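Below are the chains, spelled out letter by letter.
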Amino acid sequence: AAIPDGNGAVIAIVIDDVVDGRNLEAFLRLVDAPITYAVFPFSRGSARASAKVIEAGGESIIHLPIRLRRSRPGGWFLSPGWKQEQMDDWVDRAVASVPGAVGANNHMGSTTNVRAMRAVMARLNHHRLFFMDSITVPETVGYAAALEAGMPSRINNSFLDNIADVKYTRGRILGLAKTARKRGSAIGIGHLQRRTTLQALREAIPILIARGYRIVPLSALTNVPNSGRTRTTLPPVPTTTTTTSTT
């Protein structure tokens, strides 16, 4: 399909599941654009991966592993059953393990628990970091929680590489142009482990730039959801009432 003229519309591309190693080095060396890399926290190589991204002129964010199943405090996955201070500690450890990160997004798991998402956003705000909802589940409340916390509107518009095929992924990347032209901006997510994504980016980005689109870091744009069904507000925070008795 023909790609409409961009007229300066902006596109951010986020690469998920980032760990240190040859795949990251290949992306940084071969993709000539300001890509945002979502780095897994809590590993020995997290800080090194973030440093490599920043040194190469990319942008680093934290790829937060969130799930609904139980997880022990101090572990890798956040569990909504934790106490507030345990959730705060989890975010603090994630931030410390990915130095230089400017924001965060979610890795798989689930972002449907209102209490947990409110807690995560409050702590990210404490660290002056933004959140982008990856929409790994349709019922996500992460985006609404970020808006409630006063964060800029950032949400995934397209997973680019659900199929590990260069032609498919190139088409998905170029497809971001339609969204960006209509709304002024668009965000797409690819994955580090797919070398087909690396090749597709190398082919598609020059086409987008030639058509008048700008590829920018995630922090440089805001956008809106694809669907009107995406939650944008949360229920009111429960209030506790006290009663006094008279004798």
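Everything here concerns the structure above.
**Q** I'd like a rundown of the environment of Arg 194, residues and numbers included.
**A** You can see Arg 194 is positioned in the loop between β7 (185-191) and α7 (195-210). As for Arg 194 and Asp 161, which are separated by 33 residues in sequence, their C-alpha atoms are 7.9 Å apart. Every residue in contact with Arg 194, bar those within four places of it in the chain, is listed here: Phe 27, Asp 161, Asn 162, Ile 163 and Ala 164. Only 3.3 Å separates the side chain of Arg 194 from the backbone oxygen of Asn 162, close enough to count as a polar contact.

**Q** A description of the environment of Val 114 should follow, citing residues and the corresponding values.
**A** Tracing the backbone through its elements, the reader meets Val 114 in helix α4 (residues 114-126). Each C-alpha atom of the pair Val 114 and Ala 144 lies 9.2 Å from the other, and the pair is 30 residues apart in sequence. Excluding residues that lie within four positions of it along the chain, Val 114 makes contacts with Val 141, Leu 234 and Pro 235.

**Q** Give me the lowdown on unusual backbone geometry, citing residues and values where you can.
**A** Unusually for a residue other than glycine, Phe 42 sits at a positive phi of about 75°. With respect to the helices and strands, the residue Phe 42 is situated in the loop between β2 (36-39) and α2 (46-55). The backbone of Arg 128 sits at a positive phi, close to 60°, despite the residue not being glycine. Positionally, Arg 128 belongs in the loop between α4 and β5 (130-132).

Reading the values: rules and limits
Residues numbered from 1 in each chain as written. Predicted model: local features only at pLDDT ≥ 70, side-chain atom pairs only at ≥ 80, totals over all residues. Heavy atoms only, no water. Helix = DSSP H or I, 4+ residues; strand = E, 2+ residues; numbered from the N terminus. Contact = heavy atoms within 4.5 Å. Polar contact = N/O pair within 3.5 Å; in protein donor to acceptor, adjacent residues only side chain to side chain.

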